[in-house]
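Notes for the structure review
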Amino acid sequence: MESLVFYAASGLALLGAVSVISASKPTRALLSLIASMFGLSTLYLILGADFVAMANLIVYAGAVLVLFLFVIMLQGTGAREVPFLKRFSVFYLAAALLLSAGFLILILKPVLSLSLSGAAAGSGGSTKAVGHALFTDYLLPFELTSLLLLLGILAGVALAKREESR
Amino acid sequence: MIPVTHYLIVAGILFATGLTGILIRRNILLILLSIELMLNAANLSFVAGSALHGNINGQVSAFFVMVIAAAEVTVGLAVAVLLFRSQASVDTNTIKNLKG
């Protein structure tokens, strides 16, 4: 049962990913990324990481990708079919695919030769445990992320304002 | 139980897919989307490692990756909107002001 869920979820994640890079309409690519997120969140749930799964759905699928959707819609070409030649850098297509395949082999080689006997059991990653770790061991990095987010907001506002005043 | 290697293989394939997307797509927004894909692949391997060793640190790292991705998207999308306004295009082949 668990392996069935695993293969279904990773299939959804991988198919979504392939659809992201090959879809003819930008909106469709975005929606397949959301589908891929759902597959990934299921994988996190199988791994026992409840908090990361929910944060992934809320932060990524809920906030970040909706922001993307807004920008694609504002740009006004979201639902338009992009022809093959304008969709990809055709000159580099073969070279890029070759490079990625080589990179994949490079990643997978050590992973496959690794004899990790440990089955990925749930690590008790409840929200409580993550919250406790965040506010004790990782307090300083956690506070720094709030500063980073503030800087992100400021940068976004500054970039948008500058164009307005021109 | 599913061995942790399977998760790492899925993460590797996801990462390579994202890399392909960055290299071949011409729309700037879709290149940003491919970067998101790569960040998520990294997250998956973090969480798998966390489950393997039975401690929580990997999940905390995944949380930090998510926060940084949110900040990156804010700035990246603002730049993309500005580019679209000034060049009337999001195609990387038509934006070549920096070309020498």
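A brief structural summary.

Procedures and definitions
Residues numbered from 1 in each chain as written. Chains lettered and ligands numbered in written order. Predicted model: local features only at pLDDT ≥ 70, side-chain atom pairs only at ≥ 80, totals over all residues. Heavy atoms only, no water. Helix = DSSP H or I, 4+ residues; strand = E, 2+ residues; numbered from the N terminus. Buried < 20%, exposed > 50% of the residue type's maximum accessible area, 1.4 Å probe, protein only. Contact = heavy atoms within 4.5 Å. Areas by Shrake-Rupley, 256 points an atom, 1.4 Å probe, with all protein chains shown as cover. Core = buried A, V, L, I, M, F, W, Y, C linked by side-chain atoms within 4.5 Å. Domains from an automatic or database assignment. Axes fitted to C-alpha atoms, helices over the stretch in contact; angles between N-to-C directions. Parallel < 35°, antiparallel > 145°, perpendicular 65-115°, else oblique. Nonpolar A, V, L, I, M, F, W, Y, C, P; charged D, E, K, R; others polar.

Helix and strand counts for chain A come out as 7 helices and 0 strands. Reading chain A from its N end, one meets helices and strands in the order α-α-α-α-α-α-α. Considering chain A as a whole, with its 166 residues, one finds that 39% of them fall into the buried category. Relative to all contacts within chain A whose residues are 6 or more apart in sequence, the contacts with residues 24 or more apart total 67%. By element, 75% of the accessible surface of chain A is carried by carbon and sulfur atoms, the whole surface being about 9,500 Å².

A few words on the nonpolar core. One finds L43(A), F68(A), Y7(B) and L44(B) to be the most contacted residues of the largest nonpolar core, which totals 64 residues. Only α1 (2-22), α2 (26-46), α3 (50-75) and α6 (127-136) of chain A together with α1 (4-24), α2 (28-53) and α3 (57-87) of chain B provide two or more residues apiece to this core. Composition of this core by domain shows at least three residues from each of domain 1 (1-83) and domain 2 (126-166) of chain A.

What follows concerns the packing of α2(B) against α3(B). All names here are of chain B. The N-to-C vectors of α2 and α3 enclose an angle of 175 degrees; their axes lie 9 Å apart at closest approach. Overall, the two elements α2 and α3 adopt an arrangement that is roughly antiparallel. Looking at side-chain class alone, the contact of α2 with α3 contains 15 nonpolar, 6 polar and 2 charged residues.

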